[in-house]
Amino acid sequence: MKIIRAKDYNDMSRKAANIISAQVILKPDSVLGLATGSSPIGIYEQLIKWYNKGDVDFGGCTTFNLDEYRGLTPDHDQSYHYFMHKNFFDAVNVPAERINLPDGAQLDAERECKRYDAAIKAAGGIDLQLLGMGLNGHIGFNEPDEYFSKGTHCVNLTESTIEANKRFFASADDVPRQAYTMGVQTIMLARRIVLVVSGENKAETVREAFFGPVTPQVPASILQLHTDVSIVADEAALSKCGDLL
Ligand code: GLP
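The model shown is predicted, which means the values in this text are computed figures rather than measured ones.

### Considering the packing of helix α1 (residues 9-26) against helix α2 (residues 41-53)
Across the interface, α1 lies against α2 with an axial gap of 8 Å and an inter-helix angle of 55°. Considered as vectors, α1 and α2 are oriented oblique to each other. At the point where α1 passes α2, the crossing takes the right-handed sense. Between α1 and α2, the residues in contact are Tyr9, Ser13, Arg14, Ala16, Ala17, Asn18, Ile20 and Ser21 and Ile41, Gly42, Ile43, Gln46, Leu47 and Trp50, respectively. Class assignment of the residues belonging to the contact of α1 with α2 gives a composition of eight nonpolar, five polar and one charged.

### Here's the deal with the nonpolar core
Core analysis: the biggest nonpolar cluster contains 68 residues, and Phe58, Phe88, Leu195 and Phe210 have the highest contact counts within it. For this core, the leading source of residues is α1, giving six residues. Discounting chain neighbours no more than four positions away, the residues touching Leu195 are Leu131, Gly132, Met133, Ile139, Phe210, Leu223, Ser230, Ile231 and Val232.

### Remarks on the site of the ligand
Ser38, Ser39, Asp67, His138 and Lys202 are the nearest of the 14 residues found near the ligand. A distance of 2.5 Å is found between an oxygen atom of the ligand and a side-chain nitrogen or oxygen belonging to Ser39. Take Asp67: an N or O atom from its side chain is 2.8 Å from a nitrogen atom of the ligand. Here the ligand loses 94% of its free accessible area of 390 Å² to cover by the protein chains. For the shell around the ligand, a count of residues per class yields three nonpolar, eight polar and three charged.

### Thoughts on the packing of α2 against helix α3 (residues 80-87)
When two helices pack together, their arrangement is given by the angle between the helix axes and by the axis-to-axis distance. Where α2 meets α3, the axes come as close as 10 Å, and the angle between the chain directions of the two elements is 40°. When the interaxial angle is binned, α2 and α3 end up oblique. Note on element contacts: α3 touches α2 through Phe83, Met84 and Asn87, opposite Ile41, Tyr44 and Ile48. Residues that form the contact of α2 with α3 fall into these classes: five nonpolar, one polar and no charged.

### What about the sheet that holds strand β10 (residues 229-234)?
Strand order across the open sheet formed by seven strands is β1-β10-β9-β6-β2-β3-β5, with parallel pairing between neighbours. Taken across any chain shown, the strands that pair with only one partner, and hence form the sheet edges, are β1 (2-6) and β5 (99-100). Seen against the sheet, α1 touches β1, β2 (31-34), β6 (128-131), β9 (192-197) and β10 and runs at an angle of roughly 165° to β9.

### Details of the sheet that holds strand β7 (residues 153-156)
One open sheet holds the three strands; their spatial order is β4-β8-β7, and the pairing between them is antiparallel. A single partner strand is all that each edge strand has here, and the edge strands are β4 (67-69) and β7. Shown here is a sheet whose adjacent strand axes are inclined to one another by a mean of 25°, direction ignored. Where β4 and strand β8 (residues 178-181) come together, three bridges link them in antiparallel fashion. Its bridge partner lying in β8, Asp67 is registered against Thr181.

What counts and what doesn't
- Residues numbered from 1 in each chain as written.
- Predicted model: local features only at pLDDT ≥ 70, side-chain atom pairs only at ≥ 80, totals over all residues.
- Heavy atoms only, no water.
- Axes fitted to C-alpha atoms, helices over the stretch in contact; angles between N-to-C directions.
- Helix = DSSP H or I, 4+ residues; strand = E, 2+ residues; numbered from the N terminus.
- Parallel < 35°, antiparallel > 145°, perpendicular 65-115°, else oblique.
- Left-handed = near helix turned anticlockwise from the far one by under 90°.
- Contact = heavy atoms within 4.5 Å.
- Nonpolar A, V, L, I, M, F, W, Y, C, P; charged D, E, K, R; others polar.
- Core = buried A, V, L, I, M, F, W, Y, C linked by side-chain atoms within 4.5 Å.
- Buried < 20%, exposed > 50% of the residue type's maximum accessible area, 1.4 Å probe, protein only.
- Near = heavy atom within 4 Å.
- Polar contact = N/O pair within 3.5 Å; in protein donor to acceptor, adjacent residues only side chain to side chain.
- Areas by Shrake-Rupley, 256 points an atom, 1.4 Å probe, with all protein chains shown as cover.
- Pairing = 2+ DSSP bridges.

This is how it looks when you write it as structure tokens:
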């Protein structure tokens, strides 16, 4: 596990965007695993700038997003479909037919999760998976649990995640209670992983996840066992790891 230290959110975003753009330059037909949340927005902004300058081309890429709220249609302004189009896809050239997200409008969970796993497999697996991390150490929507999940599945969101995500909705009552998410095993099968984390509110979780025991109670802790993972973290997020770095 590599820890890449960044000064602040902007520096974190540029460093992570550099890793992603190098991946796409070296392998133009990369399969990218993408993430939502506030952590990756700066990365997408940076990648769009480089795309506009002609420095990186996404025309050969295929993408798979980590997760989507169950019950939200793609045009709902809080769906991850909408987020990804607004923050990235509408500004770059990933071919529309090679953009993949779980379909929140498909309420048959078993069917949708099977379809998504099969699509990832058919694309040859994920070359680089981008991740954020929730306050409780969740990755994708894999919440703290008794065991690590395997493939794509439907989850009940925890109170802490509903609370953290309500800022994007009119009220906590409007936050969907379920989501489809790649499983921890799906994430671990990615050939390369880049996790970005910023801010003091996640400092304790960073310490637990990357320097504590590997446990499904802190889902991100399993990344310690991956052979090619880079954690790009800013000073605030690393502020409780001083003695360990
Ligand atoms: C959501 C997403 C996660 C994301 C997390 C952290 O729950 N499903 O993929 O990592 O939020 O979000 P933020 O980056 O806004 O802190």
